[in-house]
Amino acid sequence: MEEKILKWGNSQGIIIPKTYLEECNLKVNETVNVEVRNKELVIRPAFRHKTLEERVAECGGKLGDFKEFDYGAPKGRELW
């Protein structure tokens, strides 16, 4: 698909079709990495750490039954 480079204030930009954004799982206002490789413009999603809520959702909404673990009495100069 051909797009025109447009002038926006002192910058330039292109309009990315919604279908391309959906295919790349990108949303409006998300951060992307832009670089030039072999005279081609490459746009990639920026790395983003997952939130705790996202990680819990991947586990079916449950973290598990975690209990305190006893490592026994100190064996050296540890402070407890």
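Relevant structure appears above.
Okay, so let's go over this structure. In this numbering scheme, every chain counts its residues from 1 along its sequence in written order. The predicted origin of the model limits local features to residues at a pLDDT of at least 70 and limits the giving and counting of side-chain atom pairs to 80 or more, whereas totals for whole chains, interfaces and linings rest on all residues. Heavy atoms throughout the structure, all of them, feed into the side-chain values; hydrogens and water do not.

Overview of the overall build of the chain
The line we're drawing: Working definition: helices are DSSP H or I runs of at least four residues, strands are E runs of at least two. Numbering for both runs from the N terminus. The globule rule is 2.2 Å times the number of residues to the power 0.38, and the radius of gyration it is compared with is taken over C-alpha atoms. Burial classes: relative accessible area under 20% of the type maximum marks a residue as buried, over 50% as exposed, and values in between as partly exposed (1.4 Å probe, protein chains only). Here, two residues are considered to be in contact whenever any of their heavy atoms come within 4.5 Å of each other. Surface accessibility in these figures is a Shrake-Rupley result with a 1.4 Å probe; residues are shielded only by whichever protein chains are displayed. In this tally Asp and Glu are treated as negative and Lys and Arg as positive; neither His nor the chain ends contributes. Taken as the charge location is NZ of Lys, CZ of Arg, CG of Asp or CD of Glu.
When you go through the chain residue by residue, the secondary structure sums to two helices and four strands. The secondary structure elements of the chain, listed N-terminal to C-terminal, are β-β-α-β-β-α. The C-alpha atoms of the chain give a radius of gyration of 24 Å, which is well past the 12 Å a tight globule of 80 residues would have. Expressed along its principal axes, the backbone C-alpha trace of the chain runs to roughly 70 × 35 × 25 Å. The buried share among the 80 residues of the chain stands at 6%. Within the chain, residue pairs in contact and separated by at least 24 positions form 2% of the contacts whose partners lie at least 6 positions apart. For the chain, the accessible surface area stands at approximately 8,500 Å², while carbon and sulfur atoms represent 55% of it. Distance from the positive charge centre (14 side chains) to the negative charge centre (14 side chains) of the chain: 3 Å.

Some words on the pattern of salt bridges
In plain terms, the rule: By definition, a salt bridge exists where a carboxyl oxygen of Asp or Glu is found within 4 Å of a side-chain nitrogen of Lys or Arg.
By the definition in use, this model includes five salt bridges. Its salt-bridge partner being E22, residue K18 comes within 3.9 Å of it at the nearest N-O pair. Highlighted residues: K18 and E22, both in helix 1 (residues 18-23), separated by four residues, approximately one helical turn. For the pair formed by K18 and E22, the shared burial category is exposed. Sharing partners across several salt bridges, the network here consists of E35, R37 and R44.

Some remarks on the packing of aromatic side chains
As a reminder, the rule being used: Two aromatic rings from Phe, Tyr or Trp, using only the six-membered ring of Trp, form a pair when their centres are within 6.5 Å; if the ring planes differ by under 30 degrees the pair is stacked, by over 60 it is edge-to-face, and anything between is tilted.
All told, the structure shown has one aromatic pair when counted by the stated rule. With a centroid separation of 4.8 Å and an interplanar angle of 70°, the aromatic rings of F69 and Y71 are classed as edge-to-face. Given the relative accessible area of 59%, F69 is considered exposed. Since its relative accessible area comes to 67%, Y71 is described here as exposed.

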